[in-house]
Amino acid sequence: MDNGNQLFLGKQLAQDLFNHNGVLVAPAHTVLDQVQLDLIYRHAIELEERDIKRDKGKAQAQEKMDSCTLYMAELFEQIRYAKQVPVLHIREKIIPSINELTELPDFYELLGALQSKDDYSYRHNIGVGVLATLIGKWMSMDERELMQLTLAATLHDIGKTKISNEILNKPALLDTKEFDLMKKHTIFGYEMLKETVGINHVQALVALQHHERQDGSGYPLGLRSEQIAPLSKIVAVADVFHAMTSDRPYRKSLPFYETLIQMNNNIFGEFDPQISKLFMDKMMQSMLGHQVLLTNNQIASIVLINPQNALRPLVKMNDNFIDLSRDTSLHILKVAP
């Protein structure tokens, strides 16, 4: 067992914790100091997020996110049969909740709420709506443009209503024929939205272009940077981040920090450099004060973000400060929940 339990230092147990023989190791509401973590480790128990007491703010965020996801699931089924997108209902029922979620003071409360359970196809639309709206706010968009972005991001995958659930929820990688059909959700979505009252052409383009990439490696048209609409570039970043940090039917989520590294390294294709840098910087700034597990299995706290290299901040380990941009032998392994 690795030292992953260290990430829960200072957290509170949500329920009684028993070892594999049914012996009580720590009662509910125990605050996990180093002594308790060592005891739990000796009992070969690997803590999980469900073992930890959730604070009120996170619970409220989760409740709102769950409610939006349930409503989106109902809308998807309605659209499958009615062949129409109820824009007014989305504006009234979903968009206000997305805006409220973006106002949460602690990003990790929000991130936990965004992560999918067994409802990725629906929760993803809300997650991308929230993340894209945050990017729009960081870019100082005016209220009208921000509203356009939020609605377009929330509807970016609407074309998947024309894809069978068998393919959407397949518990394995799609074969070539299935993937070719899946890629057509971008075209299906564009065709649906361009005919929808209350949606403009720029918003419809988001459905078409959110899988395009700066270097022309994306789909469905292989567009390059100057050919991709600005809102589509924002949603592309939000889409990949949420997808990679969510459990999918065919794979587990990537850790938050690992996703940022892979996005920074263009593993998923090239994003707009200004939007990508802004996103990375803001994500890292939200980590200030949070504990992380380093590759030497030690816990450290992030104390300063390097403006030239946000992914390698200044951290404090015990009484020592370590500049990860200079000490390349150490890396952040995980972010504490």
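Everything numeric in this text was worked out from a predicted model, so none of it was measured. (Residues numbered from 1 in each chain as written. Predicted model: local features only at pLDDT ≥ 70, side-chain atom pairs only at ≥ 80, totals over all residues. Heavy atoms only, no water.)

This next bit is on unusual backbone geometry. For the bond running from Tyr219 to Pro220, omega is 10°, close enough to zero to count as cis. With respect to the secondary-structure elements, Pro220 resides in the loop between α11 (201-209) and α12 (230-244). A positive phi is found at Ala44, a non-glycine position, where the angle reads about 60°. Among the secondary structure elements, Ala44 is positioned in the loop between α1 (34-42) and α2 (56-82). The phi angle at Ser140 is positive, at roughly 60°, despite the residue not being glycine. For Ser140, the location among the structural elements is in the loop between α6 (120-138) and α7 (143-154). Overall, Ser140 belongs to the exposed group, its relative accessible area being 64%. (Helix = DSSP H or I, 4+ residues; strand = E, 2+ residues; numbered from the N terminus. Buried < 20%, exposed > 50% of the residue type's maximum accessible area, 1.4 Å probe, protein only.)

Volume-wise, the second largest pocket comes out at about 770 Å³. Phe179, His211, Tyr219, Arg248 and Tyr250 are, among the 29 residues lining the second largest pocket, the residues nearest its centre. When contributions to the lining of the second largest pocket are tallied by element, the ones reaching two or more residues are α6, α8 (165-168), α9 (176-183) and α12. Here the element with the most residues in the lining of the second largest pocket is α12; it accounts for four residues. (1 Å grid on protein atoms, 1.4 Å probe; cavity = no way out; pocket = protein on both sides within 12 Å on 5 of 7 lines; lining within 4 Å. Points joined across faces, edges and corners; volume = space filled by probe spheres on them.)

Next up on the list: the nonpolar core. Membership of the largest hydrophobic core comes to 80 residues, with the highest contact counts inside it found for Val85, Phe241, Phe256 and Leu260. Each of domain 2 (56-283) and domain 3 (288-335) accounts for three or more of the residues forming this core. Val85 has contacts with Ile79, Ile90, Leu155, Ile158, Met192, Leu193 and Thr196, leaving out every residue within four places of it along the chain. Of all hydrophobic cores here, the second largest spans 11 residues; its members include Leu13, Leu17, Leu37 and Ile52. (Core = buried A, V, L, I, M, F, W, Y, C linked by side-chain atoms within 4.5 Å. Domains from an automatic or database assignment. Contact = heavy atoms within 4.5 Å.)

With that settled, consider the side chain of Thr69. Tracing the chain through its elements places Thr69 in helix α2. When near neighbours in sequence (up to four residues on either side) are disregarded, Thr69 contacts Asp119, Tyr122, Arg123 and Ile126.

The next subject is α11. Burial analysis of α11 places seven of its nine residues in the buried class, which makes it a mostly covered element. Elements in contact with the buried residues of α11: α7, α10 (185-194) and α12. By the N-cap criterion, in which a side-chain oxygen at the helix start approaches the backbone nitrogen of a residue two or three places on, α11 is capped by Asn200, the distance to Val202 being 3.2 Å. (Polar contact = N/O pair within 3.5 Å; in protein donor to acceptor, adjacent residues only side chain to side chain.)

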